[in-house]
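# Remarks on the overall topology
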Amino acid sequence: MNILIANPAFRRPLSNGLERYMLGSGMRFPLTLLKRPTDKPRYTTFPFFLAYSAALLERDGFKVDVIDGVPLNLTEDMFLRDALAANPAIILLEPNTAVIDDVLRFSLALKAATGAKIILAGAHVSVFATEILDQHPHIDFVLAGEYELICLALIQALSADKPLQAVAGLAYRTDDGQSRLNPPAALIHPLDQLPPPARRLFPRNAEPSISAYYDGMFQHTPTAYMHTSRGCPYRCDFCAWVQILYRGEPQRYFSADRVVDEMLLLIEEFGVKEIYFDDDNFTSNKQHVRLLCAEIKRRKLAIAWSAMGDAIALNDEMLECMADAGCVGLKFGLDSADPDILNAIKKPLKVQRLHGLIDKAGKLGIKTHMTVVFGLTGERMASMLNTFEYACELDVDSVQFSMATPCPGTDFHKQLLAEGRIRPVKWEEYDGSNMSVITYQDISGEYLERFTTAAHTRWLRRKFIEPKWLQRQARYLLRLLQGQGLRGLYKRFRRAAQLLSGDSVTLAKTDTARLMRW
């Protein structure tokens with residue numbers, strides 16, 4: 001039984017010769033890039049859930065093919081050709097909200113060409129499992145929740161011709177054609193039972209490449225994505241994975257031994273020079289961070305690493321521990337600087353602590369990247385302007401501004417629906433812009449989009465007149481030159497020039513209009 005792990009890329013041609021490039025699997029939030037059709041995307045995230053599923057299936061003896069069309073920049077015709085050549089009996093896809101309509105349409109072509117059974121998984125389809133089966137006869141199964149073990153159990157049952165009632169977390173059709181959702185599957189615990197992701201199959205079997213997946217946070221090449229945990233102890237109302245995939249259950253951790261074993265595998269088998277811990281929240285548990293850093297030092301791993309975390313539980317001691325074990329970068333979310341908004345979204349962040357933490361990180365040589373979201377619960381014009389000003393005051397090294405995405409199934413989305421504040425735009429009338437779908441009290445969707453688009457350029461121009469910031473960037477650019485060579489340095493200068501000039505070719509923003517269909 002041949003199984004195809006599929007992540008097609010979708011694009012929206014725009015009138016200025018650019019295209020809106022839709023990123024699919026592995027995205028916590030719907031995200032798109034603007035780029036030229038021939039250019040490969042400047043940002044691609046590693047699709048962990050698909051890769052863990054591939055590893056489990058291979059370990060169980062199944063033949064697995066992978067086509068990740070996002071880093072490969074495949075057109076739909078190219079993807080369909082490659083899928084047909086794989087001769088799959090089953091195709092697994094993980095669409096997020098932004099590409100769900102594309103996947104539903106394209107999977108019909110995949111099924112017609114290959115005759116394969118189609119499985120959908122991920123946060124979006126978990127919310128609409130039986131509805132998708134009812135409305136789309138070509139979809140055979142939906143996996144609800146954290147899905148790797150559900151996928152394995154389903155394919156084992158299909159291979160052995162066993163009944164599907166026992167597969168927890170599975171949505172399927174009964175013999176009389178009725179859509180049925182089995183009781184939810186338990187979350188994976190302990191996480192150490194998962195094998196390492198099947199990286200040697202990605203982005204496709206014939207062209208494995210760690211470097212196909214890239215984040216601007218990377219300072220060395222090649223860099224590999226890793227997980228040390230799943231979940232987060234905090235309950236921000238807009239966070240889809242924590243609320244939907246993990247059902248709000250406690251954060252789980254890989255053991256320090258297991259994490260360092262995988263780091264060694266990446267160094268020895270793939271020659272990586274940096275590792276990026278793309279956790280939901282790496283810094284939420286001081287004990288986890290201390291144990292991992294101690295194990296890295298005990299095993300004498302001389303490798304740079306960075307992490308996705310938060311500043312809620314972060315303190316100077318943790319930063320010192322991380323830096324001593326090789327940490328060179330930290331991403332964290334500000335989201336909003338307004339205390340009322342932070343309270344409304346259930347994020348217990350004390351913003352007054354950030355100046356000291358960022359200053360400490362800079363002194364330790366840890367590059368900081370901050371994410372800001374405009375349009376969250378309770379947003380007003382004044383709070384948005386104040387958040388931007390606060391983001392400019394903080395001495396972070398880089399920043400990402402985006403618009404709030406009300407993913408179906410989250411408390412944020414439910415509240416907006418209850419208040420009638422999701423703008424009723426028809427998808428078929430959507431013109432390719434990124435205008436917010438949320439109705440605000442004193443902000444229009446058009447203004448929110450223009451403000452978010454301009455914020456990156458305005459922030460960088462402010463930073464370019466700060467000597468302290470420029471001096472620190474010079475040190476990081478030297479590190480980048482040593483870690484990525486002239487090519488990496490050129491990419492960074494090109495990106496800065498585009499932002500300073502206001503060029504939006506590579507601007508990444510959330511595509512929220514598709515939420516209207518759900």
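The present account deals with the structure reproduced in this document. Remember, predicted model here, so these are calculated numbers, not experimental data. (Residues numbered from 1 in each chain as written. Predicted model: local features only at pLDDT ≥ 70, side-chain atom pairs only at ≥ 80, totals over all residues. Heavy atoms only, no water.)

## Describing a nonpolar patch on the surface
Taken together, the side chains of Leu478, Leu481 and Leu486 make up a nonpolar region of the molecular surface, amounting to roughly 300 Å² of accessible area. Residue position: leucine 478 is located in helix 17 (residues 467-501). Residue classification places leucine 478 among the partly exposed positions, given a relative accessible area of 48%. (Patch = residues over 30% accessible without salt bridge, like charges linked within 9 Å, V, L, I, M, F, W, Y side chains within 5 Å. Areas by Shrake-Rupley, 256 points an atom, 1.4 Å probe, with all protein chains shown as cover. Salt bridge = Lys/Arg side-chain N within 4 Å of Asp/Glu carboxyl O. Helix = DSSP H or I, 4+ residues; strand = E, 2+ residues; numbered from the N terminus. Buried < 20%, exposed > 50% of the residue type's maximum accessible area, 1.4 Å probe, protein only.)

## So, the packing of aromatic side chains
How two aromatic rings sit relative to each other is set out by the distance from centre to centre and by the angle between their planes. Enumeration over the complete set of coordinates arrives at 24 aromatic pairs. These aromatic residues form a ring-pair network of at least three members: Phe46, Phe48, Tyr52, Phe202, Tyr213 and Phe254. Of note, lysine 35 hangs over the ring of tyrosine 21, and the distance from its end group to the ring centre comes to 4.5 Å. One Lys or Arg, lysine 491, reaches over the ring of tyrosine 214 and ends 4.0 Å from the middle of that ring. (Phe/Tyr/Trp six-rings, centres within 6.5 Å; stacked < 30°, edge-to-face > 60°. Lys NZ or Arg CZ within 6 Å of the ring centre and 35° of its normal.)

## As for the pattern of salt bridges
Applying the stated criterion across every chain, the model contains 39 salt bridges. Between arginine 472 and aspartate 397 there is a salt bridge, with the nearest N and O atoms lying 2.6 Å from each other. Remark: aspartate 397 occurs in the loop between helix 14 (381-393) and strand 18 (398-403) and arginine 472 occurs in helix 17; sequence separation between them is 75 residues. Under the relative-accessibility criterion, arginine 472 is labelled buried at 5%. A residue is classified by how much of its surface remains accessible, and aspartate 397, at 4% relative accessible area, is buried. Each of Asp359, Lys363, Asp395, Asp397, Lys468 and Arg472 takes part in salt bridges that share partners, so that together they form one network.

## Examining the pairing of strand 3 (residues 19-23)
For a regular strand, the rule is simple: side chains alternate between the two faces of the sheet. For strand 3, the buried fraction is high: 5 of the 5 residues fall into the buried class. Burial along strand 3 is two-sided: Glu19, Tyr21 and Leu23 and Arg20 and Met22, pointing in opposite directions, are all buried. Bridge count for strand 2 (residues 10-13) against strand 3 is 4 bridges, and the pairing is antiparallel. Each residue of the ladder has a partner; that of proline 13, found in strand 3, is glutamate 19. Connecting strand 2 to the next strand, strand 3, in antiparallel fashion are 5 residues, including glycine 17 with a positive phi near 90°. Two strands pair when backbone bridges link them, and strand 3 and strand 4 (residues 31-35) are joined in this way by 5 bridges, in the antiparallel orientation. Counted as the bridge partner of arginine 20 is leucine 34 from strand 4. (Pairing = 2+ DSSP bridges.)

## Some thoughts on empty space enclosed by the protein
All told, the structure shown has 6 cavities of 30 Å³ or more when counted by the stated rule. Lining the largest cavity are 19 residues, with Met27, Asn96, Ala123, His124 and Trp241 positioned closest to its centre. Among the elements of the structure, helix 5 (123-127) and helix 8 (240-245) are those that each provide at least two residues to the lining of the largest cavity. Per-element accounting of the lining of the largest cavity gives the leading share, 4 residues, to helix 8. When its volume is computed, the second largest cavity comes out at roughly 70 Å³. In terms of lining residues, the second largest cavity is bounded by Phe46, Arg199, Phe202, Ser209, Ile210, Tyr213, Ala224 and Tyr225. In terms of residue class, the lining of the second largest cavity is made up of 6 nonpolar, 1 polar and 1 charged. (1 Å grid on protein atoms, 1.4 Å probe; cavity = no way out; pocket = protein on both sides within 12 Å on 5 of 7 lines; lining within 4 Å. Points joined across faces, edges and corners; volume = space filled by probe spheres on them. Nonpolar A, V, L, I, M, F, W, Y, C, P; charged D, E, K, R; others polar.)

## Description of helix 3 (residues 76-86)
Within the sequence span of helix 3, burial applies to Phe79, Asp82, Ala83 and Ala86. Buried residues of helix 3 fall within an arc of 100° about the axis and therefore sit on the same side. Residues Asp77 and Ala85 are exposed on helix 3 and point more than 90 degrees away from its buried face. On its buried side, helix 3 packs onto strand 1 (2-7), strand 5 (63-68), helix 2 (69-72) and helix 4 (100-114). (Arc of directions from axis to C-beta. Contact = heavy atoms within 4.5 Å.)

## Quick word on the environment of histidine 369
Inspection of the secondary structure assignment puts histidine 369 in strand 17 (residues 367-374). According to the relative accessible area criterion, histidine 369 is buried, its value standing at 10%. Distance from histidine 369 to lysine 331, taken between C-alpha atoms, is 4.6 Å for residues 38 residues apart in sequence. Ignoring sequence-local partners within four residues, the contact set of histidine 369 consists of Met217, Leu330, Lys331, Phe332, Ser398, Val399 and Gln400. Reaching out from histidine 369, the side chain makes a polar contact with the side chain of serine 398 at a distance of 2.7 Å. (Polar contact = N/O pair within 3.5 Å; in protein donor to acceptor, adjacent residues only side chain to side chain.)

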